[in-house]
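Per-entry structural report
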Amino acid sequence: MDEFDPAPPASGTEQAPPPETEAGVSQSAAVDATPESPPGDEQVTKEEGEQGADRKALPDYRFPEDFDVDQGQLSDFQSVADQHGVSREAAQAFLDLYIKQQTGQGKNVRDHQIQTIQDWESQTKNDELVGGQDFERKLSIARTAVDRFGDQGLRDYLDESGMGSNPHVVRWMYRAGQFAADDRYIQPGSGAGSLSPEARARRLYDNTYKD
């Protein structure tokens, strides 16, 4: 009888199983079990990259010292310039044109405001009620109304806005000043509240009140 050869034929040789890891799992299985990145990770990474690009320092553009720069609008402008490959020199030229237009518009607004106030002053001086030869005296009476009925905030507004020269406002102030200067005006806290309705009527309408 032929002797039995325990070694299997070469063509049928079986490969040894892969070595086990310390956890008892084969290396190939460990590789296969590696979790894949969630589908949303790539999108998050892309968004983070875009945000990082937005946070890049803006070019050192030239602006006038008294020009108020809106950093949010400048960042939007730079994003559009980058998307269209606009050079820094070309971007500065666009900004110079924008600054010139804005500065010109601001000057036009200021000039118009100054002209309007000058027109008001001329109309007030020639007004039938407050104008004429007694203009300064009537203007003083008008200021009395502001002092008595207004406060510092109202005075500042009339001066800064130019509304203190508006003929409609001056006429109202003059009439109020006349009323305030009249003896019939009842000062707050003067005790008028303790008077009877008939007594208050006499003080307010003493020229027309009839017994």
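Residues numbered from 1 in each chain as written. Predicted model: local features only at pLDDT ≥ 70, side-chain atom pairs only at ≥ 80, totals over all residues. Heavy atoms only, no water.

Considering all chains together, one arrives at two aromatic pairs under this definition. Seen in terms of ring centroids, Tyr 61 and Phe 77 are 6.4 Å apart; in terms of plane orientation they differ by 70 degrees. Their pairing is edge-to-face. Residue Tyr 61 is found in the loop between helix H2 (39–54) and helix H3 (71–83), and its partner Phe 77 is found in helix H3; the two are separated by 16 residues along the sequence. We classify Tyr 61 as buried; its relative accessible area is 7%. Owing to a relative accessible area of 24%, Phe 77 belongs among the partly exposed residues under this scheme. Measuring from centroid to centroid gives 6.1 Å for Phe 63 and Phe 67, while their planes differ by 10 degrees, and the two rings are stacked. (Phe/Tyr/Trp six-rings, centres within 6.5 Å; stacked < 30°, edge-to-face > 60°. Helix = DSSP H or I, 4+ residues; strand = E, 2+ residues; numbered from the N terminus. Buried < 20%, exposed > 50% of the residue type's maximum accessible area, 1.4 Å probe, protein only.)

Further remarks concern the confidence of the model for the chain. Residues of the chain with pLDDT of at least 70 account for 59%, and the chain-wide mean is 74. Ignoring residues within four places in sequence, the model shows residues 47–55, a span with pLDDT below 50, making one contact including any to other chains. (pLDDT = per-residue confidence, 0-100. Contact = heavy atoms within 4.5 Å.)

Another aspect to go through is helix H4 (residues 88–125). Over its 38 residues, H4 runs 56 Å from end to end, which matches the ideal 56 Å to within 8%, given 1.5 Å per residue. Every buried residue of H4 is accounted for by Ala 91, Gln 92, Leu 95, Ile 99, Ile 117, Trp 120 and Thr 124. Where H4 is buried, its residues meet H3, helix H5 (135–149), helix H6 (152–161) and helix H7 (167–181). (Expected span 1.5 Å × (residues − 1).)

Counted under the stated rule, the structure contains five salt bridges. Residues Arg 62 and Asp 96 are paired through a salt bridge, measuring 3.8 Å at the closest nitrogen-oxygen approach. One end of the pair, Arg 62, is in the loop between H2 and H3; the other, Asp 96, is in helix H4, and 34 residues separate them in sequence. Overall, Arg 62 belongs to the exposed group, its relative accessible area being 52%. For the salt bridge of Arg 155 with Asp 147, the shortest nitrogen-to-oxygen distance reads 3.3 Å. Look at Arg 155 and you get partly exposed, because its relative accessible area is 25%. (Salt bridge = Lys/Arg side-chain N within 4 Å of Asp/Glu carboxyl O.)

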